[in-house]
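The primary structure of each chain is shown beneath.
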Amino acid sequence: MAFTELAEIEAFLTLADELHFARAAERLGLSRPRVSQLIQSLERRIGGRLFDRTSRRVALTPTGQFLLARVKPSFEGLQRSIDETRAFARELRIGFLGPFAGAVNASVANFRRTHPEWSISMSETRWGDYFGPLRRAEVDMQVTIWPVCEPDLTTGPVIAEYPRVLAVAADNPLATRSSVDAEELAEHTMVEMPQAAPKEIREGFLPRLTPAGRPIRRGRLVKTQHEMLSRVATSSEVCATSTALTQYYRHPDVVFVPLEGLPPARAVVSWRTVNENAKIQGFAASLPSLAS
């Protein structure tokens, strides 16, 4: 449908609602002669009068009533679609991996203040579907763990660092220690992360080898932070995590012990390179930057 036809339909629907040319023109932000012109053009296109006009009243003809019943639902649906699309274009959707949402909380609050015309929504992503929401365009950006080695993604600078800690059961002998060295992990069993997570994340965050190259046994697969805490609490398995997790997740039977010998967990924001736009660029520019 051409733009002029849409204007005619909008004028018709407004006049059908008001049944008064002056009020219809005011609602449309047009002159009264322009509204008459649009109605006449539509009547010529249809081949019949849509309104009976007198000096005292305006009324729909049977043809006008027939058109109104068929056009109004479709036009309202079109308007809703346009409104929803406008809102979608002004929404920045950020995915976050578990506790790493904290890395952007201050930036989100600041961005909302400086860009009130845009809305921001945040949704949690899962280890087992690591970059799935980003690639399916369910989110525009994703807060994740550095490094990101995906050729289709652009990654910003490191925006936060979190010291490493070891999650152990409260009755585990390690729970009373002031710290645990990463070399000691060879003497324990580590929970396993889903294989769908990128290799560099799986082997960096939950290492398979100690810094000296000693293998670290793998235990039960866990898919979420809550599953990890429950597994650690009810077994002898441990989990190398970070203080990012301790800010958001707790379990009464799990203790977090400082873990020495592993680099800190680093948070970054990534997005699909082909989807980069002004809102992504604007938010990325507002993020803090730490040396990586």
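Quick caveat, the model's predicted, so the values are computed rather than measured. (Residues numbered from 1 in each chain as written. Predicted model: local features only at pLDDT ≥ 70, side-chain atom pairs only at ≥ 80, totals over all residues. Heavy atoms only, no water.)

Asker: Explanation requested: empty space enclosed by the protein in the structure shown.
Answerer: Unfilled space is identified by rolling a water-sized probe across the atoms. Counting across every chain of the model gives one cavity of 30 Å³ or more. Along its surface, the largest cavity is lined by 17 residues, and Trp127, Phe205, Gln225, Met228 and Cys239 are the ones closest to its centre. At the level of elements, helix H8 (225-233) and strand S12 (239-242) are the ones that each hand at least two residues to the lining of the largest cavity. Counting residues per element, the lining of the largest cavity draws most heavily on S12, at three residues. Looking at the lining of the largest cavity, its residues break down into 11 nonpolar, four polar and two charged. (1 Å grid on protein atoms, 1.4 Å probe; cavity = no way out; pocket = protein on both sides within 12 Å on 5 of 7 lines; lining within 4 Å. Points joined across faces, edges and corners; volume = space filled by probe spheres on them. Helix = DSSP H or I, 4+ residues; strand = E, 2+ residues; numbered from the N terminus. Nonpolar A, V, L, I, M, F, W, Y, C, P; charged D, E, K, R; others polar.)

Asker: Can you walk me through the nonpolar core in this structure?
Answerer: Across soluble globular proteins, you tend to see nonpolar side chains buried next to one another. By size, the foremost hydrophobic cluster in this structure holds 67 residues, and its most contacted members are Phe100, Trp127, Leu166, Met228 and Phe283. In contact with Phe283, not counting residues within four places along its chain, are Leu92, Ile94, Val104, Ser107, Val108, Phe111 and Met141. In terms of nonpolar packing, the next biggest core, distinct from the first, is built from 21 residues, Phe12, Val35, Leu42 and Phe75 among them. (Core = buried A, V, L, I, M, F, W, Y, C linked by side-chain atoms within 4.5 Å. Buried < 20%, exposed > 50% of the residue type's maximum accessible area, 1.4 Å probe, protein only. Contact = heavy atoms within 4.5 Å.)

Asker: How should I be thinking about the pattern of salt bridges in this particular structure?
Answerer: Scanning the entire structure with this criterion turns up 20 salt bridges. Between Glu8 and Arg45 there is a salt bridge, with its nearest N and O atoms 3.0 Å apart. Of the two residues, Glu8 is situated in helix H1 (residues 3-18) and Arg45 in helix H3 (residues 32-46); the sequence distance between them amounts to 37 residues. Judged by its relative accessible area of 3%, Glu8 is buried. One salt bridge in this structure joins Asp140 and Arg93, with 3.0 Å as the shortest N-O distance. (Salt bridge = Lys/Arg side-chain N within 4 Å of Asp/Glu carboxyl O.)

Asker: Looking at this structure, how should I read the packing of aromatic side chains?
Answerer: Applying the stated criterion across every chain, the model contains six aromatic pairs. The interplanar angle of 85° and the centroid separation of 5.4 Å between the aromatic rings of Phe111 and Phe283 together place this pair among those described as edge-to-face. On the criterion of sequence distance, the pair formed by Phe111 in helix H5 (residues 105-114) and Phe283 in helix H10 (residues 278-286) is long-range, its members being 172 residues apart. The pair formed by Phe111 and Phe283 is uniform in burial state, with each residue classed as buried. (Phe/Tyr/Trp six-rings, centres within 6.5 Å; stacked < 30°, edge-to-face > 60°.)

Asker: Can you walk me through the sheet that holds strand S8 (residues 164-169) in this structure?
Answerer: Read across the open sheet, the four strands follow the order S9-S13-S8-S12; overall the sheet is mixed. Of all strands in the sheet, those bounded by a partner on one side alone are strand S9 (180-181) and S12. Here S9 runs beside strand S13 (residues 254-260); their pairing, made up of two bridges, is parallel. Across the sheet, residue Asp181 finds its bridge partner in S13, namely Glu260. Across the sheet, H8 touches S8, S12 and S13, and the angle it forms with S8 is around 50°. (Pairing = 2+ DSSP bridges. Axes fitted to C-alpha atoms, helices over the stretch in contact; angles between N-to-C directions.)

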